[in-house]
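Residue strings, one per chain:
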Amino acid sequence: MSTQLPSVAPEVTAALVEGLSPRLRKRLDAGIAKLADRPVDREGDTVRIAVDDTTYVELHAPGGAVTSADAVRCGCLLAPDCLHRAAAASAAPVAELPLAAEPLSGSPAEAQDSEAPGPERAAPDQLAAARAVWTAAAAVLDAGADGCGAVLQAELLRAAHTARLAGLHRVAAASSSVVTALRAARSADPSYRLADLVAALGDVLAVSHRLPSAEGSELAALRGTARRPYRPDGSLRLYGLFTEPVLTANGYAGAVTWTADAHGRLYQVPDVAPGGAARAVGAADRAVRLGDTALTHRELSRAGLAVSGATVSPTGRLGAGATVRAVRAPGVGWRADPLDRLWHVPLADQLAHALTPDSPGLLFLEVTFTGTVRESAGDCLLAASDGITLRLTAAHDDPALPHRDNLRLLAAATDGPLRVIARLIPAPHPRATLLATEHPTTPGAHVDVGLDRLQKADLPPHAPVPHPAPPSDEPPVHLLVRRVHQTAAGGRRALAHPGSGGATDLRHLAAHGLPTAAALLTELHSSATTRSRDAFGRLLPADPTRFTEAWLKAREYTVALDRALCVAGWTA
């Protein structure tokens, strides 16, 4: 049902949940589950959920998002203090709204007459907001996805709203991502990935933990920005590279077309809005939102653009303002200038750029497909490139998108080299998500793996003999990663039950020269199980700070080690 509902601002959900009585709070998760099975219909900006034959909850969302508690209305006898309003808001996607330009304290008139607050004046607000986020996120970790119901989610959303008002935009956005992942986990959404929850929760805790001691450029990076600033970039001559579908866990879908200029700089033309897989598929055949051009995304990926009055975000997104003009221009193939240059950048330089925080992570490789290998998440495609065997995975598993089917066909595509575009996945072995490839039998053409559905007729007549996957000799860092992920899923109790001490894991880590990993795992288990007693011998609650810090240290270590092993694996 969440994909049918408009997004709701974090502060709205937090306010509605906070307004519930203690008795109704206990029933909130059951109320959300009950609404999930009820009919939903839309009329203009209003979405209506049928609670029963005579009662409805209405969400009024001008512009696609609910931005006030009054915009959620219910017709039951207990309204406005009923369970239904909070349940509807808690079931809806979390809105990603830019912060309005307003002072952190005082009236607008006072803000105009006084000097802009310096770091010393703003710091207390930000420190208090960071502590609130840390406390709320620590409670989420303690409960885990399995035990983190709507009340704990609302507490994190309230802390996220406070952080956004204090100018901590990065941690506010990451907190919203945590709630989105929690809801996907608890509703058995097929798009849910535990790794996404771990990444978002790790970012929330890391930023809120480091912010009190940060200064200078580090502090600016931890604060983040309220919105993507677009700057003028004059006239551009762009060449289409490929188009990828977008399908997010918080109810957004569409397509992004990647282009490059004559110097190899990448630019993105996005079309992403609320929707599901059908919109991700259909967006490829929609006209790009740039100037007066009638090019579709699918056409742009093989053509070109001449843009005047261009505006560009720091990450390369092209703005679509009223002053932007764009017309169709000839495109070139991947093996012609200027696109050919992208595949001649040394791999070490590509890896270094792909591992930077704001990079899209794209790799331009020449590979030979050699078969498939089965993994727990499904088959992945094996490919050889300059003596390296890498694993290419599907970006999405939704059956409406052809990723999986294309990977299976490409396993027998050719015994010759093909150029591909992939997105790096930091892992101890060479691993990436396949986004586009040269066509197996049509020279000069390429296949957008998430949009173009290959047929057997597209394959060469004689398929190569698949090669087996090479034996794995990776350090067993996955033993620590597994406990980090297990904690995010099941909370403290996942490590506190008998038999979860991991003595065998500790021996494996120490035997493979990973004493730091062994020490971190020991501390994680100890912090989960150790409890003190009061003067009367009664058990006290476990120390939440020690447990959260132990988990965060383990998670930060595994991320750093994965990056180091990733570079080593690709350059071995």
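Structure: above.
Bear in mind that the values here come from a model prediction, so they are computed numbers and not experimental data.

What counts, and at which threshold
Residues numbered from 1 in each chain as written. Predicted model: local features only at pLDDT ≥ 70, side-chain atom pairs only at ≥ 80, totals over all residues. Heavy atoms only, no water. Helix = DSSP H or I, 4+ residues; strand = E, 2+ residues; numbered from the N terminus. Buried < 20%, exposed > 50% of the residue type's maximum accessible area, 1.4 Å probe, protein only. Contact = heavy atoms within 4.5 Å. Areas by Shrake-Rupley, 256 points an atom, 1.4 Å probe, with all protein chains shown as cover. Pairing = 2+ DSSP bridges. Axes fitted to C-alpha atoms, helices over the stretch in contact; angles between N-to-C directions. Left-handed = near helix turned anticlockwise from the far one by under 90°. Nonpolar A, V, L, I, M, F, W, Y, C, P; charged D, E, K, R; others polar.

Engineer: What's the story with the overall build of the chain in this structure? I'm lost.
Structural biologist: Within the chain, the regular secondary structure consists of 19 helices and 17 strands. Among the 572 residues that make up the chain, the fraction classed as buried is 48%. A separation threshold of at least 6 residues defines the contact pool for the chain, and within that pool the share at least 24 residues apart is 63%. When the accessible area of the chain is evaluated, it comes to approximately 26600 Å², of which 55% is carbon and sulfur surface.

Engineer: Help me out: how do you make sense of the sheet that holds strand β8 (residues 252–260) in this one?
Structural biologist: By definition, the strands of a sheet pair up through backbone hydrogen bonds, in either a parallel or an antiparallel sense. The antiparallel open sheet is built from five strands, whose spatial order is β9-β8-β7-β10-β11. In this open sheet, the two edge strands, each paired with only one partner strand, are β9 (266–274) and β11 (325–329). This sheet shows a mean twist of 35° between the axes of neighbouring strands, independent of strand direction. Across seven bridges, the pairing between strand β7 (residues 231–247) and strand β10 (residues 304–312) is antiparallel.

Engineer: Help me out: how do you make sense of the sheet that holds strand β6 (residues 72–74) in this one?
Structural biologist: Strands sit in the order β2-β3-β4-β6 across an open sheet of four strands; the sheet is antiparallel. The sheet is open, and its two borders are formed by β2 (40–43) and β6, each paired with just one other strand. On average, each strand axis in the sheet is tilted by 20° relative to the strand beside it, whichever way the strands run. Those strands touched by helix α4 (residues 83–91) are β3 (46–50), β4 (56–60) and β6, and its axis lies near 140° from that of β6.

Engineer: Would you take a moment to explain the packing of helix α8 (residues 169–186) against helix α9 (residues 194–210) for this structure?
Structural biologist: Each pair of packed helices can be described by the angle between their axes along with the distance between the axes. Interhelical geometry of α8 versus α9 gives an angle of 150° and a closest axis separation of 8 Å. For the element pair α8 and α9, the recorded crossing hand is left-handed. Of the residues in α9, those in contact with R170, V171, A174, S175, S177, V178, A181 and L182 of α8 are L197, A200, L201, D203, V204 and V207. Residues that form the contact of α8 with α9 fall into these classes: ten nonpolar, two polar and two charged.

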